[in-house]
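Listed below are the residues making up each chain.
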Amino acid sequence: MKFADLHLHTHFSDGTFSPEELAGHGQRLGFAAMALTDHDSVEGCARMADACGAAGIELITGTELTAEHSDIELHLLGYFVDTQNEKLLADLARFQTVRQDRIREMAARLKGLNVPLEAETVFALANCKSPGRPHVARALVKAGLCKSLDEAFERYLKKNRPAWVPKAKMSALEGIELIHQAGGLAVMAHPGLNRTDDVILALVEAGLDGIECFHTKHSTAMSGRYLELAGKFHLLVTGGSDCHGFSKGKPLIGTVKLPYEHVEKLKQAAAARHSSLVTGH
Ligand SMILES: [Zn+2]
Ligand SMILES: [Zn+2]
């Protein structure tokens, strides 16, 4: 049987693996297909395509966007997006600037708490255009200002903690439209983590294509419930480990093995989206 992992991060966002390392793990675990879904970035896709090609693994290009609907934060996975699409690249560049400004604001708040961490130190450690809170946490530990990543989040970085800064987010409807105009499929990531059940219907009406039923942090019961919803709303089914390398403890790749039949359906839907973009229907 063939399997896929459709939710993976590299050091082009807050993962620790390079595309080559990630493809190597995929090969070791025998995955037939993988999708790269770095936060607000498609920069790693070209290298990942080469690395997967060499490893005999099919790569699906992707990204993970942060959005909101009715004050609920949610993540949207965009699969098969054209990584050269002008509007997508322009918007991702804008989201990356928002991320960098947010890190500066967090550093300023930390300074106000007598925790001397420079934003530049975080940027140097992150070494990517999509820095996020995990990078701040790693920088705090590296500088000896916190003992662990958990402590960094608990004391300073978690929502409503003193160095937390709210993140400006686009609306989910804009996110879906952005993915669609780039030829991609919009999939709601880990609905079980964001308590997004109440907004699924509104997003389906806005053109949501799929739902991530299988995720490392979904219980079997949760996955079952989302499979049911996917059936009810005729949504594609996806799944992935959300592996960040060593960023959040042990690498998660291998914990979710999506049967390949779902990849086939995703490919058919992407081909249909592509031909409708070309013909305008
Ligand atoms: Zn996510
Ligand atoms: Zn993710």
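The model shown is predicted, which means the values in this text are computed figures rather than measured ones. (Residues numbered from 1 in each chain as written. Chains lettered and ligands numbered in written order. Predicted model: local features only at pLDDT ≥ 70, side-chain atom pairs only at ≥ 80, totals over all residues. Heavy atoms only, no water.)

Some details on the overall build of the protein chain
Going by this rule: What counts as a helix is a DSSP run of H or I of at least four residues, what counts as a strand is a run of E of at least two, and both are numbered from the N terminus. The quantity called the radius of gyration is restricted to C-alpha atoms. Its globule counterpart is 2.2 Å times the number of residues to the power 0.38. Per-residue accessibility, obtained with a 1.4 Å probe over protein chains only, is compared with the maximum for each type, and a residue is labelled buried under 20%, exposed over 50%, and partly exposed between these values. Should any heavy atoms of two residues lie within 4.5 Å, those residues are considered in contact. Note on areas: Shrake-Rupley with a 1.4 Å probe; residue coverage comes only from the protein chains shown. Neither His nor the chain ends contribute to the count of charged residues, in which Lys and Arg are positive and Asp and Glu negative. In this description, the location of a charge corresponds to atom NZ of lysine, CZ of arginine, CG of aspartate or CD of glutamate.
Tallying secondary structure elements over the protein chain gives eleven helices and ten strands in all. At 18 Å, the protein chain has a C-alpha radius of gyration in line with the 19 Å of a compact globule built from 281 residues. Taken over 281 residues, the protein chain has a buried fraction of 53%. Taking as baseline every contact in the protein chain between residues at least 6 positions apart, the subset at least 24 positions apart corresponds to 71%. As presented, the protein chain carries roughly 12,600 Å² of accessible surface, and 53% of it is formed by carbon and sulfur atoms. Averaged over its 31 positive side-chain charges, the protein chain has a centre that lies 6 Å from the centre of its 34 negative ones.

Topic: the coordination of the zinc ion (ligand 1)
To keep things clear, this is the line we draw: Metal donors: N, O and S atoms at distances within 2.8 Å, or within 3.2 Å for Na, K and Ca, with water omitted from the atom set so that some sites may seem incomplete.
The coordination sphere of the zinc ion (ligand 1) contains the protein donors Glu64 (OE), His75 (ND1) and His190 (NE2), at a distance range of 2.0 to 2.1 Å. Sequence spacing of the donor residues for the zinc ion (ligand 1), all on one chain, is E-x10-H-x114-H. Separation of the zinc ion (ligand 1) from the zinc ion (ligand 2) amounts to 3.6 Å, with Glu64 serving as a shared donor to the pair. Of this pair, His75 sits in strand 5 (residues 72-79) while His190 sits in the loop between strand 7 (185-188) and helix 8 (191-194), placing them 115 residues apart in sequence. When its relative accessible area of 14% is taken as the criterion, His75 is described as buried.

Observations concerning the sheet that holds strand 5
Applicable threshold: By the convention used here, strands pair only if DSSP detects at least 2 bridges between them.
Read from one edge to the other, the open sheet built from six strands follows the order 6-4-5-7-8-9, with strand pairing classed as mixed. The sheet terminates laterally at strand 6 (170-171) and strand 9 (236-240), the two strands that pair on one side only. Pairing of strand 4 (residues 62-69) with strand 5, which is carried by eight bridges, proceeds in the antiparallel orientation. Counted as the bridge partner of Glu64 is Leu77 from strand 5.

Quick look at the packing of helix 5 (residues 133-142) against helix 6 (residues 149-157)
This is how it is decided: Lines fitted to the C-alpha atoms define the axes, with helices restricted to the stretch that makes contact. Angles between their N-to-C directions range from 0 to 180 degrees. For classification purposes, angles smaller than 35 degrees are called roughly parallel, those larger than 145 roughly antiparallel, those between 65 and 115 roughly perpendicular, and all remaining angles oblique. Working rule for handedness: look at the near helix, and if it is turned counterclockwise from the far one by less than a right angle, call the crossing left-handed; if clockwise, right-handed.
One way to put it is that helix 5 packs onto helix 6 with a least axis distance of 9 Å and a crossing angle of 110°. With respect to helix 6, the element helix 5 is oriented roughly perpendicular. Along this stretch, helix 5 crosses helix 6, giving a crossing that reads as right-handed. Mapping the contact onto sequence places Arg133, Pro134, Val136, Ala137, Arg138, Leu140 and Val141 in helix 5 and Leu149, Ala152, Phe153, Tyr156 and Leu157 in helix 6.

A short note on the sheet that holds strand 2 (residues 33-36)
Spatially, 3-2-1-10 is the arrangement adopted by the four strands of the open sheet, whose pairing is mixed. Lying at the two open borders of the sheet, with one neighbouring strand each, are strand 3 (58-60) and strand 10 (258-259). In terms of strand pairing, strand 1 (residues 3-8) meets strand 10 through two bridges, oriented antiparallel. Paired with Ala4 across the two strands is Leu258, which belongs to strand 10.

As for the pairing of strand 5
When you tally the buried positions in strand 5, you get six out of eight residues, the bulk of the element. As consecutive antiparallel partners, strand 4 and strand 5 are separated by two residues, and within that stretch Ser70 has a phi angle of approximately 50°, a positive value. Relative to strand 7, strand 5 runs antiparallel, the two being bridged by four bridges. Residue pairing across strands places Leu77 opposite Val187, the latter belonging to strand 7.

Points about the environment of Arg94
In this structure, Arg94 sits in helix 3 (residues 86-112). As a C-alpha pair, Arg94 and Asp40 span 54 residues in sequence and 9.3 Å in three-dimensional space.

A closer look at helix 10 (residues 220-233)
Put simply, the rule is: To estimate the expected span of a helix, count its residues, drop one, and scale the result by 1.5 Å. When we speak of the arc, we mean the arc of directions from the helix axis to the C-beta atoms.
Compared with the 20 Å implied by 1.5 Å per residue over 14 residues, the 20 Å span of helix 10 between its first and last C-alpha is a close match. Ser223, Tyr226, Leu229, Ala230 and Phe233 are the residues of helix 10 that are buried. Looking straight down helix 10, one finds its buried side chains confined to an arc of 120°; they lie on one side. In helix 10, the exposed positions that point more than 90 degrees away from the buried face belong to Thr220, Ala221, Glu228 and Lys232. On the buried face of helix 10, the contacting elements are helix 8, helix 9 (200-205), strand 8 (210-215) and strand 9. Phi for His234, located one or two positions after helix 10, is positive at around 55°.

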